[in-house]
Amino acid sequence: MKTLQNIDRRIIYLLVFLALAVPMLQPIGLPFGINESSQKVYDLVDALKPGDVLVLSFDYSPSGQAQLDPQARAVMKHAYSKEGVKIINVAFWPSGPLFADKFLGEMEGTHDKVYGEDYVSLGYVAGAETAISAFGKDMHQAYPRDRHGNSIGDIPMMRDIKSAADVDLMISFGTGTPGVPEHVRQIVTVYGTPFAVCMNSVSVAGNIPYYNAGQMKGYLNGLRGAAEYEMMMKEPGSATASMDSLSFSHLTVIIFILLGNIAYFADPDRKKK
Amino acid sequence: MIGTWLAAIGTLGLMSFAIKENPFYRFVEHVYVGIGAAHSVVMGWESLQTKAFTPIAESGDYIKLIPLLVGLLLYARFFKGKIWLSRYPMSILVGIGVGLTIKGTIGAQIVNQIRATLVPLTSINNIIIVLGVLSVLMFFYFTRKNTNALFNTSSRIGRYIMMIAFGALFGNAVMGRMSLMIGRVQFLLGEWLGLLG
Amino acid sequence: MKSQGLMIAITFVFALIIIIDAFFAIDFISAASTEIQNWGTIIASLALALAAVNLIRIHSRRIRLRRGEWYNSVALLTVMFVQTAIGLVNRSTGEVYNFGFNNIMTPLGATMYALLAFWIASAAYRAFTARSIDSAILLVAATVVMLGNAPIGESIWSAFPSIKTWIMDVPNMAAQRGIMIGGGIGAIALGLRILMGIERGHLGGSDE
């Protein structure tokens, strides 16, 4: 019992690592269903019509990249395949524009959207919630230039898009602050813009009330959400491939919780402590 | 190729912390802080170009000189005896922040949340939601020790409901953390070692 | 001009413009609100370099005094100056800048947080015991959510995802909403205290 109470932390680390790595090398392909919240994100993007305006806000940093990159990649691919939909890429986190650039680079040649006519990258503006509010109120003043230095007035697709009221769907890829609450406070509540979120798993529990109240129309939950989106797109990618690792790492954690409890209840000195 | 190796060495350097804190870890950690700070400076500069330099130089929007000069006062904190100057830009930022908070919070976090809680008590779920919200609020606002049985029961329900929420938070946190490590293991085994198909 | 009164007045006026603009449609207030929000983004842009200046101060001193592992400070400052120079010349859209971002900053940032996977597993083993009713509830909820999230849960029992969704959408939602409303009221109260000059932490501290 003493051994059970004092498993070396490095053994735990090693087992977690193996639980992640082995299924990658020997995949089983455990099946998984689609959560309703993920389906709603997909349906929102799928329902966009020619002429509709979609804002993709890249609000994450390298720390959230493992969860947010596959989400953003899948959603962007879907969005850019929608004919006639105007897309604005924007960022309220300093690393956001570089992630957006990366995906746009990867997708080059796979869609027929033209820069300036069908999509634009506005880049990053500092100020967090203040920047989000300024963007929602007047995009032209908030972003006098796009990421490539073009005057926003010279960008054809931006001529009729002035504020968040002109946006048909906003999707934030977010991991923290500024993130969901800030967008809900400054965009959704003020302009009634339909809003969906692709977020890291830790943020989900706290943001659920926005989903229940209809302020957030759908959401993707971390890597699992990304895998679900890939499945809905019928294009399994890195997120789908990692689901077995997710399963076995969870199982490892649950087993350690069990071991911890067995050790605790089997300890005769427990009551004295 | 060089990039992948750089990334792999850095990744292993930080991961070595799991075994033991060591000089290699500390070196990589310093490199990370350095490049992170550089990124902030570069993105801040570009944000400044978009927001201040362009409007001033191209549209003659000279009023933007005011926040530019006031903002520079932030750096007064590095000069002994002049720290008070840096509080002027702070007071502007706080003013804007407070304005936006009051403006946004009332609707998003209070009115809309209360409205969404006003549901008919016709299902068990709705009853749990209404009782849950009320009991959690009671738990926070009536913190004094009380002999009233109703208060105590409500407070206990509030605590139990919050425990479920914290459990849910933890469950999702596990998924989040594992996903982050999955990203690194995928990189090491796939991009770096080429072991994944 | 060290007057805290003036600073409180500035805070008050800026906040008031935004609040009035939120509730009344007055053209010049709306224009002023747009303008000051853009001012806020300009000041925030300038604030982004504060950390770098602080790092230069701390680490150049460490190098000068040859204190501790001063060579790590040399590495920190070198990387910082080189990447900053590349970014200012090449811009953040440039290939060279992106090389550093993609191959140094991104993997290191991702790994730093990925280590939490190890810590959380170790913490779950050591601290996640059913010592009381409260912790038992927490433990059961967490385990069910984990099994609902991971595909293996579905393979063990097909009901896990539905129970997880129920936990997330009903009791969790209720608790989070209670916290959200409570936090919202607290944030507004704090805002009003700042506007009235009662709360002045951001203006306080000693000058010396």
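Criteria and thresholds
Every chain is numbered on its own, with residues counted from 1 as its sequence reads. Each chain gets a letter, beginning with A, and each ligand a number, beginning with 1, in the order they are written. Confidence filtering applies because this is a predicted model: local features only for residues at pLDDT of at least 70, side-chain atom pairs given and counted only at 80 or more, and all residues used for totals across whole chains, interfaces and linings. Water and hydrogen atoms were dropped before computing side-chain values, which therefore reflect all heavy atoms in the structure. Helix numbers and strand numbers start at the N terminus; a helix is a DSSP run of H or I with at least 4 residues, a strand a run of E with at least 2. Here the globule rule is a power law, 2.2 Å times the number of residues to the power 0.38, and the radius of gyration is based on C-alpha atoms. Type-normalised accessible area, obtained with a 1.4 Å probe on protein chains alone, sets the label of each residue: buried when under 20%, exposed when over 50%, and partly exposed for intermediate values. The contact rule is simple, with two residues in contact once any of their heavy atoms fall within 4.5 Å. With the strands pointing away from the viewer, any crossover whose connection runs clockwise from the first strand over the helix to the second is right-handed. Strands were regarded as paired on the criterion that DSSP finds at least two bridges between them. We define a salt bridge as a contact between a side-chain nitrogen of Lys or Arg and a carboxyl oxygen of Asp or Glu at a distance within 4 Å. A 1.4 Å probe that fits into a set of points on a 1 Å grid over the protein atoms alone but cannot get out defines a cavity; an open set with protein on both sides within 12 Å along at least five of seven lines defines a pocket, and lining residues are those with an atom within 4 Å of a point. Grid points are joined across faces, edges and corners, and a volume is the space filled by probe spheres set on the points. Residues are sorted three ways: Asp, Glu, Lys and Arg are charged, Ala, Val, Leu, Ile, Met, Phe, Trp, Tyr, Cys and Pro are nonpolar, and all the rest, Gly among them, are polar. Here the expected span of a helix is defined as 1.5 Å times the quantity of residues minus one. With axes taken as lines fitted to C-alpha atoms, and helix axes fitted only over the stretch in contact, angles between N-to-C directions fall between 0 and 180 degrees. Oblique is the label for any angle not under 35 degrees, not over 145, and not in the 65 to 115 range, which are roughly parallel, roughly antiparallel and roughly perpendicular in turn. Put simply, a crossing is left-handed when the front helix is turned counterclockwise from the back one by less than a right angle, and right-handed when it is turned clockwise. Buried Ala, Val, Leu, Ile, Met, Phe, Trp, Tyr and Cys residues that are joined via side-chain atoms within 4.5 Å together make up what is termed a nonpolar core. Polar contact is defined as a pair of N or O atoms within 3.5 Å, subject to the rule that within protein one atom must be able to donate a hydrogen and the other to accept it, and that residues adjacent in sequence are counted only when both atoms are side-chain atoms. Residue ranges assigned to each domain were obtained from an automatic or database domain assignment. Defined in terms of a 1.4 Å probe, buried area is the accessible area two parts forfeit on being brought together, summed over both.

### Topic: the overall build of chain B
Next up, step 1: Within chain B, the secondary structure is distributed over six helices and zero strands.
Next up, step 2: Traced from its N-terminal end to its C-terminal end, chain B shows the element sequence α-α-α-α-α-α.
Next up, step 3: Rg of the C-alpha trace for chain B: 26 Å, well past the compact-globule value of 16 Å for 197 residues, more than 25% over.
Next up, step 4: Taken along its principal axes, the extent of the C-alpha atoms in chain B is 65 × 60 × 35 Å.
Next up, step 5: The buried share of chain B, reckoned over its 197 residues, is 54%.
Next up, step 6: Put simply, of all contacts in chain B between residues at least 6 apart along the chain, 24% involve residues at least 24 apart.

### Examining the pairing of strand 5 (residues 195–199) of chain A
All names here are of chain A.
Next up, step 1: In terms of residue burial, strand 5 counts as a mostly covered element, since five of its five residues are buried.
Next up, step 2: With burial as the criterion, each face of strand 5 is covered, one bearing F195, V197 and M199 and the other bearing A196 and C198.
Next up, step 3: The β-α-β motif built from strand 4 (residues 169–174), the intervening helix 8 (residues 180–191) and the parallel element strand 5 has right-handed crossover chirality.
Next up, step 4: Both strand 5 and strand 6 (residues 218–221) contribute to a ladder of four bridges, which runs parallel. Bridge pairing in strand 6 links M199 to N221.

### Observations regarding the pattern of salt bridges
Next up, step 1: Going through the model one piece at a time under the given rule, you end up with 22 salt bridges over all chains.
Next up, step 2: In this structure, D8 of chain A engages R10 of chain A in a salt bridge whose closest nitrogen and oxygen atoms are separated by 3.3 Å.
Next up, step 3: When the shortest N-O distance is used, the salt bridge between K77 of chain A and E235 of chain A registers 2.7 Å. Taken together, the residues span a long stretch of sequence, with K77 of chain A in helix 4 (residues 65–80) and E235 of chain A in the loop between helix 10 (222–232) and helix 11 (238–241) at a distance of 158 residues.
Next up, step 4: For K77 of chain A, a relative accessible area of 38% gives the class partly exposed.
Next up, step 5: Salt bridges sharing partners connect three or more residues here, namely D101 and R147 of chain A together with E46 of chain B.

### Topic: the layout of surface pockets
Next up, step 1: Here the largest pocket defines a volume of roughly 740 Å³.
Next up, step 2: Lining the largest pocket are 28 residues; nearest its centre among them are S238 of chain A together with G183, Q186, F187 and E191 of chain B.
Next up, step 3: Broken down by secondary-structure element, the contributors of at least two residues to the lining of the largest pocket are helix 2 (9–25), helix 4, helix 5 (96–107) and helix 11 of chain A, helix 1 (2–15) and helix 6 (149–192) of chain B together with helix 5 (95–114) of chain C.
Next up, step 4: With six residues, helix 6 of chain B is the largest single contributor of residues to the lining of the largest pocket.
Next up, step 5: The class makeup of the residues in the lining of the largest pocket is 12 nonpolar, 10 polar and six charged.

### Some points on helix 5 of chain A
All names here are of chain A.
Next up, step 1: An ideal rise of 1.5 Å per residue puts 16 Å on 12 residues; helix 5 measures up with 17 Å between its terminal C-alpha atoms.
Next up, step 2: When you tally the buried positions in helix 5, you get nine out of 12 residues, the bulk of the element.
Next up, step 3: When helix 5 is considered as a whole, its buried residues turn out to be G96, P97, L98, F99, A100, D101, F103, L104 and M107.

### Here's the deal with the sheet that holds strand 2 (residues 86–91) of chain A
Paired through backbone hydrogen bonds, the strands of a sheet run either parallel or antiparallel to each other.
Residue and element names in this part refer to chain A.
Next up, step 1: Pairing is parallel across the open sheet formed by six strands, whose spatial order is 3-2-1-4-5-6. Taken across any chain shown, the strands that pair with only one partner, and hence form the sheet edges, are strand 3 (119–124) and strand 6. Mean inter-strand twist for the sheet, computed between neighbouring axes without regard to direction, equals 15°.
Next up, step 2: Where strand 2 meets strand 3, five bridges bridge the pair, whose relative direction is parallel. Each bridged residue has a counterpart across the sheet, and for I88 the counterpart in strand 3 is V120.
Next up, step 3: Its contacts with the sheet place helix 9 (residues 201–212) against strand 5 and strand 6, and it is angled at close to 165° to strand 6.

### Some words on the packing of helix 12 (residues 243–266) of chain A against helix 7 (residues 133–149) of chain C
Next up, step 1: Their axes nearest at 10 Å, the elements helix 12 of chain A and helix 7 of chain C cross at an angle of 160°. The angle between helix 12 of chain A and helix 7 of chain C places the two elements in the roughly antiparallel class. Judged by the twist between their axes, the crossing of helix 12 of chain A over helix 7 of chain C is left-handed. Between helix 12 of chain A and helix 7 of chain C, the residues in contact are H250, V253, I254, I257 and N261 of chain A and L139, T143, M146, L147 and N149 of chain C, respectively.
Next up, step 2: Class assignment of the residues belonging to the contact of helix 12 of chain A with helix 7 of chain C gives a composition of six nonpolar, four polar and no charged.

### Some thoughts on the nonpolar core
A general feature of soluble globular proteins is that nonpolar side chains tend to end up buried together.
Next up, step 1: Of all hydrophobic cores here, the largest spans 102 residues; its most connected members are I88, F135, Y143 and M158 of chain A together with M178 of chain B.
Next up, step 2: Top element by residues in this core is helix 6 of chain B. It accounts for 14 residues.
Next up, step 3: By size, the runner-up hydrophobic cluster in this structure holds 52 residues, among which are L68, A72, M76 and C198 of chain A.

### Digging into the side chain of K64 of chain B
Next up, step 1: In this structure, K64 of chain B sits in the loop between helix 2 (23–59) and helix 3 (65–72).
Next up, step 2: The exposure class of K64 of chain B is buried, given its relative accessible area of 3%.
Next up, step 3: Looking at K64 of chain B, its side chain comes within polar contact range of the side chain of E35 of chain C, at 2.9 Å.
Next up, step 4: Excluding residues that lie within four positions of it along the chain, K64 of chain B makes contacts with K51, P55 and I56 of chain B together with E35, N38 and I42 of chain C.

### Here we look at the domain arrangement of chain A
Next up, step 1: Entries for chain A in the domain assignment read domain 1 (2–28 + 246–266) and domain 2 (36–241).
Next up, step 2: In this structure, domain 1 of chain A and domain 2 of chain A have C-alpha centres spaced 36 Å apart.

### Things to note about the interface of chain A and chain C
Next up, step 1: With 62 residues of chain A at the contact, the number on the chain C side is 54 residues.
Next up, step 2: Carbon and sulfur atoms supply 65% of the area that chain A and chain C bury against each other, a total of about 4,800 Å² over both sides.
Next up, step 3: At the junction of chain A and chain C, the tally comes to two salt bridges.
Next up, step 4: With a closest N to O distance of 3.4 Å, D21 of chain C and K137 of chain A form a salt bridge.
Next up, step 5: Taken together, chain A and chain C are joined by 18 residue pairs in polar contact (both at pLDDT 80 or more).
Next up, step 6: Taken together, the elements giving at least two residues each to the side of chain A that touches chain C come down to helix 1 (2–5), helix 2, helix 5, helix 6 (129–137), helix 7 (139–142), helix 9 and helix 12 of chain A.
Next up, step 7: Ranked by residues supplied to the side of chain A that touches chain C, first place goes to helix 12 of chain A with 15 residues.
Next up, step 8: Here the side of chain A that touches chain C is composed, by residue class, of 35 nonpolar, 20 polar and seven charged.

### Focus on the interface of chain C and chain B
Next up, step 1: Facing 115 residues of chain C, the contacting portion of chain B comprises 108 residues.
Next up, step 2: In total, chain C and chain B occlude about 10,100 Å² of area from one another, counting both sides; carbon and sulfur atoms represent 78% of this.
Next up, step 3: Counting across the interface, chain C meets chain B through three salt bridges.
Next up, step 4: Applying the counting rule to chain C against chain B returns 21 residue pairs in polar contact (both at pLDDT 80 or more).
Next up, step 5: Only helix 1 (4–23), helix 2 (27–47), helix 3 (50–64), helix 4 (70–90), helix 5, helix 6 (116–127), helix 7 and helix 9 (160–195) of chain C provide two or more residues apiece to the side of chain C that touches chain B.
Next up, step 6: Among the elements that line the side of chain C that touches chain B, the one with the most residues is helix 9 of chain C, at 27 residues.
Next up, step 7: For the side of chain C that touches chain B, the per-class residue count stands at 73 nonpolar, 32 polar and 10 charged.

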